[in-house]
Amino acid sequence: METALRDRLHLRLAGRSKSQLIEEMICRSPHRSASQKVVAGLKVYPLLMLLMARDYPTRIWVLDRDEKPSSAAILDSAARLRRWHSQGIQIDDCEGLTDVVDGQIAVVVSWKSLLTIRHEFAHASTTFLSPKVRSALEVLYRRALDQDALVEPLAGESLGEYVACAMSYCFFDDLREELAAKDLPLYRLVDGILRKADAISQQLI
Ligand SMILES: [Zn+2]
């Protein structure tokens, strides 16, 4: 990494830890243990990705049990009305969602599932992928659709879901193996993105 870029990122980080960056993104949580679970769940992400998401900015609205995603006050009516996926499922059929609202990334997620927490944040962090990486992912997505190399049906819904499923799977040993077995080029690419972000993060602390 160029020295000038490293210095800029170092200044932006201002000594904050991963936990601090995540806490700053959480704009609402039903109780302390819910935020603690989200912080623990997202700490697996490279510091660089957390910093970029925090500064975009990204706001995380943590849902309690039985709360519906549509109840999140950070969503606007367009985001609430949008239908997701081919089955035309509605917002409240989802365990979480990520959308851009008023120029900010809005992540709405229940604290119940680590996989869902990591999946939703993957949508936020893939916002920052370069056009080059994006085109490489697009090629792999087409290939995976043709060869039926999807880890789950959700991954076939869009390029965004394909990548978010892959990235969140990378943070669990068993799921990472499953991804590598099903779609090795995707696993290599996403794992490489995370490793590179980790290597840059090391230079910032
Ligand atoms: Zn998703």
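Residues numbered from 1 in each chain as written. Predicted model: local features only at pLDDT ≥ 70, side-chain atom pairs only at ≥ 80, totals over all residues.

Some details on the nonpolar core
Just so we agree on the cut-off: Residues enter a nonpolar core if they are buried, belong to Ala, Val, Leu, Ile, Met, Phe, Trp, Tyr or Cys, and are joined to the set through C-beta atoms within 7 Å. Our exposure labels follow a C-beta count within 10 Å of each residue's own C-beta, placed from the backbone: buried means 20 or more other C-beta atoms, exposed means 12 or fewer, and partly exposed covers the counts in between. Runs of E in the DSSP output that reach at least two residues are strands. Runs of H or I that reach at least four are helices, and both are numbered from the N terminus. These domain boundaries are the output of an automatic or database domain assignment. C-beta atoms are first placed from the backbone for all residues, and any pair lying within 7 Å is then listed as a contact.
In this structure, Leu50, Val107, Val108, Val163, Ala166 and Val190 are the most contacted members of the largest nonpolar core, which totals 53 residues. Ranked by residue count, the leading element in this core is helix H8 (residues 159-169), at 7 residues. Domain assignment of the residues forming this core places at least three in each of domain 1 (3-113) and domain 2 (131-204). The residues touching Ala166, leaving out its near neighbours within four places in the chain, are Leu179, Leu186, Tyr187 and Val190.

Side note on the sheet that holds strand S4 (residues 104-110)
We count it as follows: One bridge is not enough; two strands pair if DSSP finds at least two bridges between them. Lines fitted to the C-alpha atoms define the axes, with helices restricted to the stretch that makes contact. Angles between their N-to-C directions range from 0 to 180 degrees.
Pairing is mixed across the open sheet formed by 4 strands, whose spatial order is S1-S2-S4-S3. Edge strands, defined here as strands with exactly one partner in the open sheet, are strand S1 (26-28) and strand S3 (96-101). Shown here is a sheet whose adjacent strand axes are inclined to one another by a mean of 25°, direction ignored. Taken together, the 6 bridges between S3 and S4 define a ladder with antiparallel strand orientation. Counterpart to Asp99 in the pairing with S4 is Ala106. Across the sheet, helix H3 (residues 32-42) lies against S1 and strand S2 (58-63), angled at about 130° from S2, the strand it touches most.

So, the pairing of S2
Burial runs high along S2: 6 of the 6 residues are buried. The two faces of S2 match: Thr58, Ile60 and Val62 on one face and Arg59, Trp61 and Leu63 on the other face are all buried. Here S1 pairs with S2 via 2 bridges, running parallel. What sits directly across from Arg28, in S2, is Trp61. As defined by bridge partners, S2 adjoins S4 across 6 bridges and the pair is classed as parallel. When the sheet's bridge partners are listed, Thr58 is paired in S4 with Ile105.

Focus: the packing of helix H6 (residues 114-125) against H8
Selection criterion: Orientation labels follow simple angle bins: below 35 degrees gives roughly parallel, above 145 gives roughly antiparallel, 65 to 115 gives roughly perpendicular, and whatever is left gives oblique. In this scheme the handedness of a crossing depends on how the near helix is turned from the far one: anticlockwise by less than a right angle means left-handed, clockwise means right-handed. In the scheme used here, Gly and all other residues not listed as nonpolar or charged are polar, with Ala, Val, Leu, Ile, Met, Phe, Trp, Tyr, Cys and Pro taken as nonpolar and Asp, Glu, Lys and Arg as charged.
Closest axis-to-axis distance for the H6/H8 pair is 8 Å, and the angle between their directions is 130°. Here H6 lies oblique to H8, going by the angle between them. For the crossing formed where H6 meets H8, the hand is right-handed. Of the residues in H8, those in contact with Leu115, Arg118, His119, Ala122 and His123 of H6 are Gly160, Val163, Ala164, Cys165, Met167 and Ser168. When its residues are assigned to classes, the contact of H6 with H8 shows 6 nonpolar, 4 polar and 1 charged.

Some points on the environment of Leu47
Structurally, Leu47 can be placed in helix H4 (residues 47-55). Among the residues examined, Leu47 registers 21 C-beta atoms within 10 Å and is labelled buried.

Some points on helix H7 (residues 131-147)
Every α-helix carries 3.6 residues per turn, so stepping three or four residues along brings you back to the same face. Counted only if it meets this: By definition here, a helix of n residues has an expected span of 1.5 Å times n minus one. Arc, as used here, means the arc of the directions from the helix axis to the C-beta atoms.
For H7, which comprises 17 residues, the first-to-last C-alpha distance of 24 Å matches the rise-based estimate of 24 Å (1.5 Å per residue) to within 8%. For H7, the complete set of buried residues consists of Leu137, Leu140, Tyr141 and Ala144. Angularly, the buried residues of H7 cover 110° about the axis, an arc narrow enough to put them on a single face. Facing away from the buried side of H7 by over 90 degrees, the exposed positions are Pro131, Lys132, Ser135, Val139, Arg142 and Asp146. For H7, the secondary structure elements touched by its buried residues are H8 and helix H10 (184-204). Downstream of H7 by one or two residues, Asp148 has phi in the positive range, about 55°.

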